[in-house]
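The lines below spell out each chain.
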Amino acid sequence: MVLTLKNARIYTCGKFKRGNVIIKDGVIAEISDREQGQVVDAGGRLCVAGYIDIHTHGGWGKDCMETTKDAIDTISRYHLYTGTTSYVPTTMTASVEDINKAVANIREYKSKYARILGIHLEGPYLAQKSAGAHPPQFLMPPSKDDSFVFDNDDIVARVTLAPNLDGAAEFCKKATQRGIQVSMGHDDSIDDEIYACVESGADSVTHMYNCTSRPSRRVTPKKHLGLTEVGLADGRITDEVIADDRHVPNALFKMIYRLKGAQGICLVSDSLSVAGMPDGDYYLGSGASAQKIKIDDNVAILPDLNTYAGSVTPVGKMVANLHSIGIPLEDCIDMCTKTPAALLKRDDIGDIAVGKRGDINLLNDDLSIYATVLDGVLIDRQALEI
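Every value quoted in this text rests on a predicted model; they were computed, and no experiment measured them.

Chemist: How do you make sense of the overall build of the protein chain when you look at a structure like this?
Modeler: Along the backbone of the protein chain there are 11 helices and 23 strands. Here the protein chain has a C-alpha radius of gyration of 20 Å; the compact-globule value for 386 residues is 21 Å, and the two agree. The principal-axis extents of the C-alpha atoms in the protein chain amount to approximately 65 × 40 × 40 Å. When each of the 386 residues of the protein chain is scored for burial, the buried share is 60%. Contacts spanning at least 24 positions in sequence make up 67% of the contacts within the protein chain whose residues lie at least 6 apart.

Structure follows, in structure tokens:
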């Protein structure tokens, strides 16, 4: 199958150029003035790589912890509809039994919608003081049990853990050796513990400024940096950012951007099951670990804790938000394409270039999604809607 996107303003390899993108058998074959196969006129629209979301819990009323094919199918459709062509479904802290069930369900699912890049285990390796929306009764250190992670290393792509937990650095080393990317977050850490994990392979921070530790003292008067400051200062670390102007206000994002640049920032939705749903009362997770949440004015809140839960904003809307506050368009795009691809060591996605997968978004002038191509196939967006 051959598809040509013609008359496009293509963002390719860090530059904009006019031309056509030819995709053969799901792979970008050339960027030129030629036409082959099915031809779609982009009408001069911006043509960018498909978005990548490495931290998302669900959408359109379904949660990644649900153990049905329909749940993952709906989540995959939601992400493709919002321009996210590849994603990493993310589990919540729960019993090991429930996590294993969720992992098994995702492993068995064969998506015809957004591509699954593996699973992100967010918890149970989190600090009690910074659990956020995660049920504290299921939290534990990796030294207690890591079998469910490494028994599933065929599908687990990422793990979030708090560096202050017993066995954290040892876990980072073991995970990295098995190709699992380790992100630090939901912590009560000091710099010594954080650097020990970084030296052992951890290379990102989970949703910066949300449940990430700040400068503190332990048993002596010496003040230590927290994960927030280390994440901002250390060039080895990529920072996840929920750039919805709520979890990270736009003024704060500008500071992060000055310190890290686009190569050090990965936009994530951290979207909940309620993403894409109308305002109202819902539940986060399922079964015994389910928590009541409320969506109001484009943000999800934990009413009992008077705090934000995850977001309801897809990464594509974050691109538009950040560009509206003066962030260069190239960098806005890179933060949800090239940066996450590099973090996951995926060289087949994240850019429009010969040899990459044919995952592409055509954008309107306001950067909203006009059309999406997945593996060289033009998606019928209307057919995706629930």
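Chemist: Help me understand the nonpolar core, please; the structure alone is not making it clear to me.
Modeler: Considering soluble globular proteins, one finds that nonpolar side chains tend to be buried as a cluster. In this structure, Leu121, Tyr125, Val149, Phe171, Phe253, Leu267 and Leu322 are the most contacted members of the largest nonpolar core, which totals 87 residues. Counting residues in each nonpolar core, the second largest holds 16 residues, with Val21, Val40, Ala371 and Val373 among its members.

Chemist: In this structure, what is going on with helix 2 (residues 96-108)? I would like to understand it.
Modeler: Because an α-helix completes one turn every 3.6 residues, residues spaced three or four positions apart along the sequence face the same direction. Taking 1.5 Å as the rise per residue, helix 2 with 13 residues should run 18 Å; its terminal C-alpha atoms sit 18 Å apart, in good agreement. Buried residues along helix 2 sit against helix 1 (69-81), strand 9 (84-91), strand 10 (115-116), strand 11 (119-122) and helix 3 (147-150).

Chemist: Got a minute to help me understand the pairing of strand 12 (residues 156-161) in this structure?
Modeler: Counting buried residues along strand 12, 6 of its 6 residues qualify, which places the element largely inside the surrounding structure. Across 4 bridges, strand 11 lies against strand 12 in parallel orientation. Each bridged residue has a counterpart across the sheet, and for leucine 121 the counterpart in strand 12 is valine 159. Examined bridge by bridge, strand 12 and strand 13 (residues 181-184) share 4 bridges and lie parallel to one another. Residue pairing for strand 13: arginine 158 is matched across the bridge by glutamine 181. Each parallel crossover has a hand, and for strand 12 linked through helix 4 (residues 168-177) to strand 13 it is right-handed.

Chemist: Where do I start with the packing of aromatic side chains in this structure?
Modeler: Ring pairs (aromatic) are described by centroid distance and by the angle formed between their planes. Scanning all chains against the criterion turns up 7 aromatic pairs. Measuring from ring centre to ring centre gives 5.0 Å for tyrosine 11 and phenylalanine 16, while their planes differ by 40 degrees; the resulting arrangement is tilted. For tyrosine 11, a relative accessible area of 3% gives the class buried. The partly exposed category is assigned to phenylalanine 16, whose relative accessible area is 30%. Their ring planes at 70 degrees and their centres at 5.3 Å tell us that tyrosine 125 and phenylalanine 171 sit as a pair that is edge-to-face. Placement of tyrosine 125 in the loop between strand 11 and helix 3 and of phenylalanine 171 in helix 4 is noted, with a sequence separation of 46 residues between them. Residue class for phenylalanine 171 comes out buried when judged on its relative accessible area of 2%.

Chemist: Help me understand the pattern of salt bridges in this model?
Modeler: Pairing between side chains of opposite charge can happen when their charged atoms approach one another. In the structure shown here, the tally under the stated rule is 20 salt bridges. Glutamate 35 is the partner of lysine 6 in a salt bridge, and the nearest nitrogen-oxygen pair spans 3.9 Å. Of this pair, lysine 6 sits in strand 1 (residues 2-12) while glutamate 35 sits in the loop between strand 3 (27-32) and strand 4 (38-41); the two residues are 29 residues apart in sequence, bridging distant segments of the chain. Assessed through its relative accessible area of 26%, lysine 6 is described here as partly exposed. Residue classification places glutamate 35 among the partly exposed positions, given a relative accessible area of 44%. When salt bridges that share partners are traced, they join Arg115, Arg346, Asp348, Arg357, Asp359 and Asp375 into one network.

The rules we used
- Residues numbered from 1 in each chain as written.
- Predicted model: local features only at pLDDT ≥ 70, side-chain atom pairs only at ≥ 80, totals over all residues.
- Heavy atoms only, no water.
- Helix = DSSP H or I, 4+ residues; strand = E, 2+ residues; numbered from the N terminus.
- Rg over C-alpha atoms; globule rule 2.2 N^0.38 Å.
- Buried < 20%, exposed > 50% of the residue type's maximum accessible area, 1.4 Å probe, protein only.
- Contact = heavy atoms within 4.5 Å.
- Core = buried A, V, L, I, M, F, W, Y, C linked by side-chain atoms within 4.5 Å.
- Expected span 1.5 Å × (residues − 1).
- Pairing = 2+ DSSP bridges.
- Right-handed = clockwise from strand over helix to strand, strands pointing away.
- Phe/Tyr/Trp six-rings, centres within 6.5 Å; stacked < 30°, edge-to-face > 60°.
- Salt bridge = Lys/Arg side-chain N within 4 Å of Asp/Glu carboxyl O.

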